[in-house]
Structures are given as structure tokens and as C-alpha cells.
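Survey of secondary and tertiary structure
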Amino acid sequence: NFQYMEEKNIKMALNDNKAGMEGLDRDKINKIIMESSKGSKFYENEVKREQQVNQRIDKMMLQKEQITEQHLKKAQAQVARMVVELEKRRDLTRVIVHVDMDAFYAAVEMRDCPELKDKPMAVGSMSMLSTSNYHARKYGVRAAMPGFIAKKLCPNLVIVPTNFDKYRAVSSEIREIFADYDPNFMPMSLDEAYLDFTEHLEKRQSWPDSLRTHHYRASSNPKGIAPNMMLAKVCSDKNKPNGQYRLPSTREAVMEFVCNLPVRKVSGIGKVSEKLLNALGISSCSHLGQKMALLSLLFSETAWHHFLQVSLGLGSAFIPRHEERKSMSTERTFKEMSAAEEQLSLCRELCEDLANDLKKEGLKGKTVTLKLKNVNFEVKTRALTLSYPVATADEIFAVAKDLLKTERDNESPQPLRLRLMGNQIKQFN
DNA sequence: ACGCGAAGGACCC
DNA sequence: GCCCAGGGTCCTTCGTCT
């Protein structure tokens, strides 16, 4: 079931210099990606953002210079106290499972169109791919890659348009099964969920069969099993494509597991955080623990607390109750649009779409946000909070059009050269 | 000192 | 030949208000 291999593996493979990826010529792939990107507005913006991160790093290193032994000693004591507190509350009694279906959209499309199974295929469009099957991955085609670049890597690539209704239907089938094992399971997306298996295991003592025999078995097999959510998520990334990985519920096992874990593998630590940490000589979670005092002086409280928990292999041992949504939005990307009338009518359209979605859930919100992205990929949001909640297209448009006008006036005499517009609403009652 | 709104980002799928 | 999404959550910073 190689088809179900996960995106992240390839991503890592392309970065990692690991041998044995059949037919994967990393240098060639990177060269093609580079040639397709270089000089584009997108690329220019990426460079700019990278420079901003570098400045952040410079600032951080400067701050680090100011830190004295005294500071560090004090911080170390604080960290030590905190560790004692956290250890006291460490909970190894729960069995949390993270299920992550590999290449979910692609798997559904191949089910419905078996000829695709033998071809390199991806789901998405020329501007963006959501996922790709195994054949396509051999060419370096992966999720979050624009289709036109993927086509250069693999001219025979078949791109299937996304069909969310279909994925939603399959997803709800699978969720029914999840509910049998944990009625309070937490769906994270159409293809991913956390389940608390503790009760089920106490009752049955065996791992479920129906998860295995269901016709989506390959993709709905439990993948990561651990005493908390953070670890379960990391575990689900191990032993791909088919295996599940169970981390024993002992402190020793957890600490050993976390020791060599690259920080980037942890959910919540992305590209930027990784780079910041790398600059401090931190790449694995054990480094994280070793430099905790320093981190507590350079990062916000929430940030270093999170780092500390990660370094100790701690995470939520219970699955939080499902929360209500906090915002709703629609946005669209298009070819450059500068004419005021055109922008206005698009804005109107978006408001209608948003109003429609709001109606489906019977929601009204007080804050309306207009999102704009210009042709240089610079993003702006402009918001206004009303004293009363709104829901209709007219009401939202009344706000959004003013926000848009203000931006146009702001830019004049230059026009707003847009490539994306979006509307968001939040502050529900 | 505190709350809150606004804007920008990081991150996730 | 051109061409890099869309739907969310949470966090941080800053300004103004009370």
C-alpha cells in the first residue's frame, strides 16, 4: 500500500539526504523547482520573508549576548521548579491514538477511477496540489506544490480536480467507525483524528478489527499510539506507510523517544521556529531540554512553556471537547484585477457566498474582515467590529465595501492590483 | 493595569 | 506560455479606552 505514503515523508526525503528513494533525483528535482520559481513575484516574496526571519534571528542573537551567567542561573532554577510541577502531573494512564489517512484525496479518487492507480496522479489544480499518489511522488510531486511545477517534474501527471463533497462523504463513513471506539473522538480534518482508546481497551483488551477490515483499512488503520496527543501525532508519522507505532506508557520510553526527535517533527513547530531554534544550536528535543533556561529568556512564556512540555514528552492526555467554530471565511485567487468596479462586484459575490455559508449554520457575527493580496503576494487584512451581529450579504457587503474603498483611497492614485480577495466574519453570539 | 480591537504571522491540513 | 490555494486556530504586538 505504498499509495498511502504520507506527504511529509517525501518532504523530509527531499530535504534529508537519505539514499534509497528509487528514481528520486533530488538535485534534478530541486533544479527544476528552482528554475520554475526564480524571478517570479512569488519567489521574490519568499526571499523577502526569509530575510525577515533572518533579521529576527539577528535580533535574537543580540539579545542572547546580553544574557549574563546570573540571568541564566536564575532562569535555570525557575525551569527546574517548573519541571517538578509538570512531572508531578505527568499522566501515563491514557491511550491516545492519532489516525492519519495517507494521501486521502488521492486514495478516494483512485477508488473511483482505478485506471489512475497505475498513473502518476495528484489532486488539485495547476496552481495548487493537495496531495499526490505514489507514482507521482517518485517524480518529486507532492502536496502544497503548484500543479504547473509538478507538470514540469512529471509531464504525464494527471491532475484531478478536488471534489470535497466526495471526500466529506467518505470521511463521515470513517468517522462513524471512529465513534464506535471513542464517541468523543476529535476530528482534525477530513482525514485525521484523535481518539481516546483507554476505555475501549479496558473493555476489550484487543485492538479493533473493524478498523482493519473496513475497505478503507489501509488508510484508516491507527497510526500513532501514545500516552498523549502530542506524542500520538508524532508516532503516526513513524512506520509509514502501513505500520502503526505504539509508544509504551512509561516515562523511560517516552524520554528516550523524545530524545532524538527532531523539533520540526512536533506539531506546532514549523519552518520559522525550527530556524530560530537551529540558530541556538537546537535541532532535537533533547537539545530543547538542555537549553531551556536560555529559551525561557528569549521566547514568550507560552512559547517556552510549550517547548518545555515537548522536551519532557508531555502533551494533553485527554481529548478536549469539540469547540464551536470561531470564524468563517471565503477567499478567492484570480488573475490580476485592478478595476474598481470589478473588485466591487467580486466583493459583493464573496459576501453572498459567505452569507450563504453563515445561513447554513445559522450564525451571525460582529466582526467583518476584508483580506487583500496584491500581485506581489503582500497580504493585508482590514477589519471592523459592529455593535450588533450581522449575517446577510447586504449587511456584510456594507462593511466590506467601505473597507475596500478605504484601501483604494489609501493607495490612490495607484490602483490596487489584487490577486486575491476574501471576506471573513467572526465574533459569533 | 486591563480589556479589547486590529493587524500581521506562524502553523496545520 | 502563463502559473504558488483556501479554510481554519492561535499568538504577538500595538494603540486607545477606561
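Residues numbered from 1 in each chain as written. Chains lettered and ligands numbered in written order. Predicted model: local features only at pLDDT ≥ 70, side-chain atom pairs only at ≥ 80, totals over all residues. Heavy atoms only, no water.

1. What about the nonpolar core?
Selection criterion: We call a set of buried Ala, Val, Leu, Ile, Met, Phe, Trp, Tyr and Cys residues a nonpolar core when their side-chain atoms join them within 4.5 Å. In this scheme, a residue with accessible area under 20% of its type's maximum is buried, one over 50% is exposed, and one in between is partly exposed, where area comes from a 1.4 Å probe on protein chains only. For helices the rule is a DSSP run of H or I covering at least 4 residues; for strands it is a run of E covering at least 2, with both sets numbered from the N terminus onward. How far each domain reaches was decided by an automatic or database domain assignment. Contacts between residues were defined by any pair of non-hydrogen atoms, one from each residue, lying within 4.5 Å.
In terms of nonpolar packing, the biggest core is built from 41 residues, with Leu277, Leu295 and Phe299 touching the most fellow members. Looking at this core, the elements that each hand over two or more residues are α3 (41-66), α4 (69-88), α12 (229-236), α13 (251-259), α14 (271-279), α15 (285-290), α16 (292-298) and α17 (301-311). With six residues, α12 is the single largest residue contributor to this core. Looking at this core, you find at least three residues from each of domain 1 (75-90 + 255-312) and domain 2 (93-131 + 157-246). Setting aside residues up to four positions removed in sequence, Leu295 forms contacts with Leu277, Leu280, Ile282, Leu288, Trp304 and Phe307. Residues Leu350, Cys351, Leu370 and Leu372 belong to the second largest nonpolar core, which totals 28 residues.

2. Thoughts on the sheet that holds strand β5 (residues 186-189)
Condition: When DSSP finds at least two bridges between two strands, those strands are taken to pair.
Strand order across the open sheet formed by five strands is β5-β6-β1-β7-β8, with mixed pairing between neighbours. What marks the edges here is a single partner per strand, and that holds for β5 and β8 (245-246). Bridge analysis of strand β1 (residues 96-100) against strand β6 (residues 192-196) gives five bridges, and the strand direction is antiparallel. Note that in β6 the partner of Val99 across the bridge is Ala193.

3. Concerning the protein's contact with DNA strand B
Rules: Near, as used in this document, describes a residue that has one of its heavy atoms within 4 Å of the molecule or strand being considered. The term polar contact refers here to a pair of N or O atoms within 3.5 Å; inside protein, the definition further demands a hydrogen-donor-capable atom paired with an acceptor-capable atom, and it admits residues adjacent in sequence only when both atoms are side-chain atoms. We call Asp, Glu, Lys and Arg charged. Ala, Val, Leu, Ile, Met, Phe, Trp, Tyr, Cys and Pro are nonpolar, and the rest, Gly among them, are polar.
With respect to spatial proximity, 23 residues lie near DNA strand B, and among them Ser189, Lys233, Ser273, Ala383 and Thr385 are the closest. The separation between a sugar or linking oxygen of DNA strand B and a polar side-chain atom of Asp191 is 3.0 Å. Between DNA strand B and Ala383, the relevant distance is 2.4 Å, taken from a phosphate oxygen to a main-chain nitrogen or oxygen of the residue. Sorting the residues of the surface near DNA strand B by element identifies α14 and β11 (379-390) as the ones contributing at least two each. If you tally residues by element for the surface near DNA strand B, the top one is β11, at six residues. A breakdown of the residues in the surface near DNA strand B according to their chemical character gives five nonpolar, nine polar and nine charged.

4. Some thoughts on helix α5 (residues 104-112)
Burial analysis of α5 places seven of its nine residues in the buried class, the great majority of the element. What α5 keeps buried is the set Phe104, Tyr105, Ala106, Ala107, Val108, Glu109 and Met110. Where α5 is buried, its residues contact β2 (121-124), β3 (129-132), β4 (158-160) and α8 (164-181).

5. Overview of the packing of aromatic side chains
Stated formally: Ring pairs are drawn from Phe, Tyr and Trp, using the six-membered ring of Trp, whenever the two centres fall within 6.5 Å, and their geometry is named by plane angle: stacked under 30 degrees, edge-to-face over 60, tilted for the rest. Working rule: Lys NZ or Arg CZ, within 6 Å of ring centre, within 35 degrees of ring normal, means a charge sits over the ring.
By the definition in use, this model includes ten aromatic pairs. Ring centres of Phe42 and Phe377 lie 5.4 Å apart, and the angle between their planes is 75°; this geometry places the pair in the edge-to-face category. With a gap of 335 residues between them, Phe42 in helix α3 and Phe377 in the loop between β10 (365-374) and β11 connect regions that are remote in the sequence. Take Phe42: its relative accessible area is 43%, and that puts it in the partly exposed class. Ring-pair connections join several aromatic residues into one group, and the members of that group are Phe104, Tyr105, Phe164 and Tyr167. When the ring centre of Tyr245 is taken as reference, the NZ or CZ atom of Lys238 above it lies at 5.2 Å.

6. Remarks on the confidence of the model for chain A
The predicted coordinates of low-pLDDT regions are not to be read in fine detail. To keep it simple, the criterion reads: As a per-residue measure, pLDDT tells how confident the predictor is, with possible values from 0 to 100.
Residues of chain A with pLDDT of at least 70 account for 90%, and the chain-wide mean is 88. Taken as a whole, residues 1-22 scores under 50 in pLDDT and shows 53 contacts with residues more than four places along the chain or in a different chain.

7. Some words on the pattern of salt bridges
Stated formally: We define a salt bridge as a contact between a side-chain nitrogen of Lys or Arg and a carboxyl oxygen of Asp or Glu at a distance within 4 Å.
In this structure the tally under the stated criterion is 27 salt bridges. Here Arg89 ties to Glu85 by a salt bridge, and the two come within 3.7 Å at their closest N and O atoms. When its relative accessible area of 36% is taken as the criterion, Glu85 is described as partly exposed. Among the salt bridges present, the one from Asp237 reaches Lys265, with a minimum N-O distance of 3.1 Å. Taken as a pair, Asp237 in the loop between α12 and β8 and Lys265 in the loop between α13 and α14 lie far apart in primary sequence, 28 residues in all.

8. Brief notes about the pairing of strand β12 (residues 418-428)
By the bridge criterion, eight bridges tie strand β9 (residues 327-337) to β12 in an arrangement that is antiparallel. Pairing of Ser329 across the sheet is with Gln424, part of β12. The pairing of β10 with β12 spans nine bridges and is classified as antiparallel. Paired with Gly365 across the two strands is Phe428, which belongs to β12.

9. Here we look at the pairing of β10
Within β10, seven of the ten residues are buried, leaving the element largely enclosed by the surrounding structure. Note that β10 and β11 share eight bridges and pair antiparallel. Each bridged residue has a counterpart across the sheet, and for Thr369 the counterpart in β11 is Ala383. Count of turn residues in the β10/β11 antiparallel hairpin: four residues, of which Phe377 carries a positive phi of about 70°.

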